[in-house]
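Close look at the chain arrangement
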Amino acid sequence: MQSLHPFRGSIQEYLQELSDPDRYRPNHCPLCHTPDPLRAHGFYCRTVVDVQYDGSIRVRRYLCLLCRRTVSLLPEFVLPYLRFCIQVIGLFLVSRLLSRRTLREAAGAALQPNMPYQRGQFWIRRFQQQATAVCAALASLTTVVPARDFLTRALQMLEAIGWIPAHRFLFAQLRVHLLGWPRFLVPQGCCFHRLAALSSS
Ligand SMILES: [Zn+2]
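Residues numbered from 1 in each chain as written. Predicted model: local features only at pLDDT ≥ 70, side-chain atom pairs only at ≥ 80, totals over all residues. Heavy atoms only, no water.

Considerations on the nonpolar core
The condition that has to hold: By convention a nonpolar core is built from buried Ala, Val, Leu, Ile, Met, Phe, Trp, Tyr and Cys residues, the set being connected through side-chain atoms within 4.5 Å. A simple rule labels every residue: compare its accessible area, found with a 1.4 Å probe on the protein chains alone, to the largest value its type can have, and call it buried under 20%, exposed over 50%, or partly exposed in between. Helix and strand labels come from DSSP, where a helix needs a run of H or I of at least four residues and a strand needs a run of E of at least two; each type is numbered from the N terminus. Residues count as neighbours in contact if any of their non-hydrogen atoms are within 4.5 Å of one another.
Judged by nonpolar contacts, the single largest core of 38 residues is most densely connected at Leu 93, Trp 123, Phe 127, Leu 138 and Trp 163. At 8 residues, the largest contribution of residues to this core is made by helix α4 (residues 117–138). The residues touching Phe 127, leaving out its near neighbours within four places in the chain, are Leu 93, Leu 97, Leu 151, Ala 154, Leu 155, Leu 158, Trp 163, Leu 178 and Leu 179. Counting 19 residues, the second-largest nonpolar core is a separate cluster that includes Phe 7, Tyr 14, Leu 38 and Val 59.

Considerations on the confidence of the model for the chain
Stated formally: Values of pLDDT, ranging from 0 to 100, describe the predictor's confidence in every residue of the model.
Per-residue confidence for the chain averages 88 on the pLDDT scale, and 92% of its residues sit at or above 70. Here residues 189–201 scores under 50 on pLDDT; set against residues more than four positions off or in separate chains, the count is 19 contacts.

Some points on the coordination of the zinc ion
In plain terms, the rule: Coordination here is defined by N, O and S atoms within 2.8 Å of the metal (3.2 Å for Na, K and Ca), and since water is not considered, a site can look incomplete. Labels for metal geometry use angle windows, namely 85 to 135 degrees for all angles of a four-donor tetrahedral site, and for square planar (four donors) or octahedral (six donors) sites opposite donors over 155 degrees apart plus all others within 65 to 115; sites meeting none of these are irregular.
For the zinc ion, the full set of protein donor atoms is Cys 29 (SG), Cys 32 (SG), Cys 64 (SG) and Cys 67 (SG), and the range of their distances to it is 2.3 Å. Given 4 donor atoms and angles of 103 to 117° at the metal, the environment of the zinc ion is assigned as tetrahedral. The sequence motif formed by the donor residues of the zinc ion is C-x2-C-x31-C-x2-C. Here the residue Cys 32 occupies a position in the loop between α1 (11–17) and β2 (39–50), and Cys 64 occupies one in the loop between β3 (53–63) and β4 (70–74), the gap between them amounting to 32 residues.

Section: the side chain of Gln 2
Within the secondary structure, Gln 2 sits in strand β1 (residues 2–4). Here Gln 2 falls in the buried class, since its relative accessible area comes to 14%. In contact with Gln 2, other than residues within four places in its own chain, are Tyr 44, Ser 72, Leu 74, Pro 80, Tyr 81, Phe 171 and Arg 175.

Things to note about unusual backbone geometry
For Arg 100, which is not glycine, the phi dihedral falls at a positive 60°. Mapped onto the secondary structure, Arg 100 falls in the loop between α2 (86–98) and α3 (103–109). Judged by relative accessible area, Arg 100 falls into the exposed class, the value being 57%. Of note in this structure, Leu 111 is not a glycine but carries a positive phi near 60°.

Structure representation (structure tokens):
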């Protein structure tokens, strides 16, 4: 299971803080809810691309001694299952969809001037599919502003809240992925009943 590392800061600060297993050790198991602290269980590596960083980071894992399942603490600047960080994707989507820039200009705004245009189209497609759910889920955090469509409204709400704080809330509280969970993870990733409740409230 992926949980959020309760850390706020830059990638460099994250990498420095990671060496102390006690600092953010979960004091209970989020899977079986046993009230015992989890045991440090090494790391896994993943690649990330942020506006100022392109490389790999370590992600700390913990093990529940009762249910024998692992919990990894993902830093909040990355999205599960995506190599590009939230800031990069946010800059691109705002530039392309709110400011109506070209794909190339939006890639430049995200400091990825040479990225293939298909990557940007992939982010746009996934965000379009997720916009209505994001609007519903974020309604408790910010005033809903009039907008011509859900896509614009979702982007305006994310800009008002901040992309990373919004992701922190969506992922930690609702298990909602900003760009939607990969299809094979949908059943466990997203709490449909909670989203439905939010939509109707
Ligand atoms: Zn457990």
